[in-house]
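Analysis of the macromolecular model
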Amino acid sequence: MTETALEPDNGTLYQTFGELFDKGFTLDKGTITFVSSIHVAALVLGLWLFLGAPSEWVKLAMLWVGVQFVLGSLSTTLYTHRLITHNAAKQVSAPVHLFFCVFGQVFSVQGSVKAWSANHALHHGVDRHGKTELDPYSATWFPNATRNFIWSHTLTHLLSHPRSDEYHRSHNVQRHPIIMWQAKTYGLLTTFWLFLFPMGLGFWFGGWIGFFSLMAGSMIGSVLVQHNTWTVNSVTHMWGTTKGLRSSAVNNYIWLGPLGEGNHHADHHDFPRDYRNGFGWSGWLLDPTRYGILLLRGLGMVRGLNRATPEEEAKIQAARKAAVR
Ligand SMILES: [Zn+2]
Ligand SMILES: [Zn+2]
């Protein structure tokens, strides 16, 4: 990635998606195949489930979807995002790493904890150095909202990005040994929890009907969890009511997203290592993930939570008001 190749043009970096390929982006065939396959499987198996499966298996499949949606979302927000990427707690105990790396985070279907954190660190890095070209899921690269939405929501995940020094630094960060182990075994963990486990469980209890029903649940759950998280990268960087100081993120106070990450995204960008996602009373109301973190602290499984002091919050709010004038 060269500096000249990324010179902004009228505030945007690219006019069309086609330009990305001139700048070193390439199709990530493995991810394209995987992501499109689970979307097609969710659609086809979902149609079969609702049109042809016995009602008790429809209910069980929907139970799977619900559990995966909550588990995958919580794992992304609580563990991968706040505790790991943003170091919201000074100490995270081994059982917490084990639970989320071996089990919970796999259900979010968004790559390993290590890779997710590396990309997210690049996303926030832009708030400090301003090099928008390094934000892997920027919602500001293109001249119109449609392209920005398509890119930040999905397309970014389907392309291999040019490697910058910052990319290498971020992806080479050494993390807890359990996270490093998960990165190496992520393919196997995904194969087991998203495919073999639901198919085997369904077949054990209900033969082929059970096999396909829980497979439908797993595929629909995977697609919903993915889009729920991706919406944080797209919607909360494009539409809302309160603009943040250091990023394109906007508070919208409505959409919970993956358990609280969707509504106070500007607050999050302005104080990223906070274990909470939003300031004030609305932050308390709209952030179920913080209850989970407080529960873990109550159980002694995480210690030393970081948060903005009331003075720091007030300073950020005042600076935002001054910026609007
Ligand atoms: Zn963001
Ligand atoms: Zn973040």
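Thresholds, definitions, all that
Residues numbered from 1 in each chain as written. Chains lettered and ligands numbered in written order. Predicted model: local features only at pLDDT ≥ 70, side-chain atom pairs only at ≥ 80, totals over all residues. Core = buried A, V, L, I, M, F, W, Y, C linked by C-beta atoms within 7 Å. Buried ≥ 20, exposed ≤ 12 C-beta atoms within 10 Å, placed from the backbone. Helix = DSSP H or I, 4+ residues; strand = E, 2+ residues; numbered from the N terminus. Contact = placed C-beta atoms within 7 Å. Expected span 1.5 Å × (residues − 1). pLDDT = per-residue confidence, 0-100. Arc of directions from axis to C-beta.

Describing the nonpolar core
Most often, soluble globular proteins have nonpolar side chains that are buried together. Counting 23 residues, the largest nonpolar core has Ala-42, Leu-45, Ala-61, Met-215, Ala-216, Met-219 and Ile-220 as the members making the most contacts within it. Elements supplying a minimum of two residues to this core: helix H2 (29–52), helix H3 (55–85) and helix H8 (177–234). For this core, the element with the most residues is H8, which contributes nine residues. Setting aside residues no more than four positions away along its own chain, Met-215 makes contact with Leu-45, Pro-198, Met-199 and Gly-202. Membership of the second largest hydrophobic core comes to 20 residues, among which are Leu-78, Ile-179, Leu-259 and Ile-293.

Here we look at unusual backbone geometry
Phi at Asn-87 is positive, roughly 50°, even though this residue is not glycine. With respect to the helices, strands and loops of the structure, Asn-87 is situated in the loop between H3 and strand S2 (89–92). Under the C-beta neighbour-count criterion, Asn-87 is labelled partly exposed, with 14 such atoms within 10 Å.

A closer look at H2
Along its 24 residues, H2 runs 33 Å from first to last C-alpha, staying within 8% of the 34 Å computed at 1.5 Å per residue. Buried-residue contacts for H2 involve H3 and H8.

A few points about the environment of Asn-144
Relative to the helices and strands, Asn-144 is located in the loop between helix H5 (113–129) and helix H6 (145–158). Each C-alpha atom, one on Asn-144 and one on Phe-107, is 33 Å from the other, the two residues being 37 residues apart in sequence.

Topic: the confidence of the model for the protein
The pLDDT averaged across the protein works out to 94; a share of 96% of its residues lies at or above 70. Every residue in residues 1–9 is under pLDDT 50, and counting partners more than four places away or in other chains gives nine contacts.

A word on helix H4 (residues 94–103)
Among the residues of H4, Val-96, His-97, Phe-100 and Cys-101 are the ones counted as buried. Taken around the axis of H4, the buried residues stretch over an arc of 105°, which confines them to a single face. Facing away from the buried side of H4, by more than 90 degrees, are the exposed residues Ala-94 and Pro-95. Along its buried surface, H4 packs onto H3, S2, H5, H8, helix H11 (288–298) and strand S6 (302–305).

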